[in-house]
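Listed below, chain by chain, are the residues.
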Amino acid sequence: MNIGILGLGLIGGSLGLDLRACGHHVIGVSRRASTIETAVAIGCVDSSSVDIDVLGAAEVVFICTPLGLIVPSIEQLITVLPKSTVLTDVGSVKTPIVEAASPLWSNFVGGHPMAGTADSGIEAALKNLFVQRPYVLTPTSATPASAVEVVSELVKQLNSNIYYCAPEQHDRAVSWISHLPVMVSASLIASCIRETDNQVLQLAQNLASSGFKDTSRVGGGNPELGVMMAKYNREALLTSMHQYRHQFDEIINLIEQEDWESLENILKSNQNRRPDFL
């Protein structure tokens, strides 16, 4: 199958590596000539160009641009694609994308691979990035079953764990387990660097180990991605952030009151329930 990838960063590049390994012919498009040269050199694509017209030969196109460029990209693509081409995206927010894209292109299937690293760019592309990772598809009642089947089959070839849900359900769920953690992690880093005693700050930096590394990773990632999460999933994210603040205030109160038993009960409950999410 001829597969197009628009946007050759971590996700687009990793998709290219794995789809080529499955025997597909991958055509890549990026805005930068240096990116397309690297993509070819490291085996992410069979051919690549800065000209979006080359995607007219693709049967399926994965849009792997930043969130804010997905819909504008679709508006460009529909001028060069045959009507039979299936479009899908990898954006981490689905409702605004699906609502805008579906009227433009009937064969559009919203998608979101739940995989990634703290790195970005084509150099960060990894083989098997999506293996055993969730990959969400968000078709609507108007999405052709044939288009959903085409994308589903490709996702299965990536050995991902595929899930189907409504765009709104997706956005509420990821606000809890993806977007909220970014904001919490970012707040942790911002709080630490505001330590006013330079000696204490330096000591904290020297002592930081696995605990800080784990909890700060997503907050120290791509700033553009964090802003796009907040901008496009604002309502759901604010709901989860307000609930988080309520829980955090409750823990503060328990510590202020020296209510160690109640604090321990919360921590025990968290310990028991955390495996439900992993």
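Residues numbered from 1 in each chain as written. Predicted model: local features only at pLDDT ≥ 70, side-chain atom pairs only at ≥ 80, totals over all residues. Heavy atoms only, no water.

By the naming in an unreviewed UniProt entry, the protein chain is Arogenate dehydrogenase, taken from Dulcicalothrix desertica PCC 7102. As stated in UniProt under Sequence similarities (unreviewed entry), the record for the protein chain gives "Belongs to the prephenate/arogenate dehydrogenase family." (UniProt positions renumbered as here; feature names shortened; annotations may be inferred.)

**Student:** Pulling in residues and values, what's your account of the pairing of strand E2 (residues 25-29)?
**Tutor:** Of all five residues that make up E2, four are buried, and the element is covered over most of its length. Judged from the five bridges that link them, strand E1 (residues 2-6) and E2 form a sheet pairing that is parallel. Bridging from a neighbouring strand, Leu-6 pairs with Val-29 of E2. After leaving E1, the chain enters helix H1 (residues 10-21) and then returns to the sheet as E2, a path that is right-handed. Relative to strand E3 (residues 47-49), E2 runs parallel, the two sharing three bridges. The residue bridging Ile-27 from the neighbouring strand is Ser-47, located in E3. Chirality of the crossover, the property in question, places the unit of E2, helix H2 (residues 33-41) and E3 among those that are right-handed. (Buried < 20%, exposed > 50% of the residue type's maximum accessible area, 1.4 Å probe, protein only. Helix = DSSP H or I, 4+ residues; strand = E, 2+ residues; numbered from the N terminus. Pairing = 2+ DSSP bridges. Right-handed = clockwise from strand over helix to strand, strands pointing away.)

**Student:** I'd like a rundown of the packing of aromatic side chains, residues and numbers included.
**Tutor:** Enumeration over the complete set of coordinates arrives at one aromatic pair. Consider the rings of Tyr-244 and Phe-248, whose centres lie 6.1 Å apart with planes at 10°: the pair is stacked. Of this pair, Tyr-244 and Phe-248 both sit in helix H10 (residues 234-256), four residues apart, roughly one helical turn. (Phe/Tyr/Trp six-rings, centres within 6.5 Å; stacked < 30°, edge-to-face > 60°.)

**Student:** A description of the environment of Thr-138 should follow, citing residues and the corresponding values.
**Tutor:** With respect to the secondary-structure elements, Thr-138 resides in the loop between strand E8 (134-137) and helix H5 (145-157). Sequence-wise, Thr-138 and Gly-111 are 27 residues apart; in three dimensions their C-alpha atoms are separated by 6.2 Å. In this structure, Thr-138 is in contact with Lys-94, Val-98, Gly-110, Gly-111, Cys-165, Ala-166, Pro-167 and His-170, ignoring residues within four places of it in sequence. (Contact = heavy atoms within 4.5 Å.)

**Student:** I'd like a rundown of the sheet that holds E2, residues and numbers included.
**Tutor:** Across the sheet, which stays open at both edges, the six strands sit in the order E3-E2-E1-E4-E5-E6 with parallel pairing between neighbours. The outermost strands of the open sheet, each flanked by one partner alone, are E3 and strand E6 (108-109). Sheet strands touched by H5: E1, strand E4 (60-63), strand E5 (86-89) and E6. Its angle to E5, the strand with the most contacts, is close to 55°. (Axes fitted to C-alpha atoms, helices over the stretch in contact; angles between N-to-C directions.)

**Student:** Give me the nonpolar core: which residues, what numbers.
**Tutor:** Leu-15, Leu-19 and Phe-62 are the most contacted members of the largest nonpolar core, which totals 32 residues. Ignoring anything within four residues of it in the chain, the contact list for Leu-15 reads Ile-5, Phe-62, Cys-64, Val-90, Phe-130 and Leu-158. (Core = buried A, V, L, I, M, F, W, Y, C linked by side-chain atoms within 4.5 Å.)

**Student:** Help me get a handle on the sheet that holds strand E7 (residues 111-113), residues and values and all.
**Tutor:** Reading across the sheet, the three strands line up as E7-E8-E9 and stay open at both edges, with mixed pairing between neighbours. This sheet does not close on itself; its edge strands, each paired only once, are E7 and strand E9 (161-164). Shown here is a sheet whose adjacent strand axes are inclined to one another by a mean of 20°, direction ignored. As defined by bridge partners, E7 adjoins E8 across three bridges and the pair is classed as antiparallel. Note on E8: the bridge partner recorded for His-112 is Val-136.

**Student:** Now, about the packing of helix H6 (residues 167-192) against H10: what can you tell me, with residues and values included?
**Tutor:** Axis separation between H6 and H10 bottoms out at 9 Å; the angle between their running directions is 60°. Here H6 lies oblique to H10, going by the angle between them. Viewed along their axes, H6 and H10 form a crossing whose handedness is right-handed. Residues Asp-171, Arg-172, Ser-175, Trp-176, His-179, Leu-180, Met-183 and Val-184 of H6 pack against Ala-236, Leu-237, Ser-240, Met-241, Gln-243 and Tyr-244 of H10. The residue makeup of the contact of H6 with H10, split by class, is eight nonpolar, four polar and two charged. (Parallel < 35°, antiparallel > 145°, perpendicular 65-115°, else oblique. Left-handed = near helix turned anticlockwise from the far one by under 90°. Nonpolar A, V, L, I, M, F, W, Y, C, P; charged D, E, K, R; others polar.)

**Student:** Any chance you could break down the pairing of E9 for me, citing the residues and the numbers?
**Tutor:** Pairing of E8 with E9 involves four bridges; the strand directions are parallel. Each bridged residue has a counterpart across the sheet, and for Val-136 the counterpart in E9 is Tyr-163.

**Student:** Which residues make up the domain arrangement of the protein chain, and what are the values?
**Tutor:** By domain assignment, the protein chain separates into domain 1 (2-165) and domain 2 (169-277). A straight line from the C-alpha centre of domain 1 to that of domain 2 covers 31 Å. At the junction of the two partners, domain 1 supplies 16 residues and domain 2 supplies 16 residues. Taken over both partners, the interface formed by domain 1 and domain 2 buries close to 1,200 Å², and the fraction arising from carbon and sulfur atoms is 67%. The interface formed by domain 1 and domain 2 holds zero salt bridges in total. Only helix H3 (67-77) and helix H4 (95-101) provide two or more residues apiece to the side of domain 1 that touches domain 2. When its residues are assigned to classes, the side of domain 1 that touches domain 2 shows eight nonpolar, seven polar and one charged. (Domains from an automatic or database assignment. Buried area = accessible area lost by both parts, 1.4 Å probe. Salt bridge = Lys/Arg side-chain N within 4 Å of Asp/Glu carboxyl O.)

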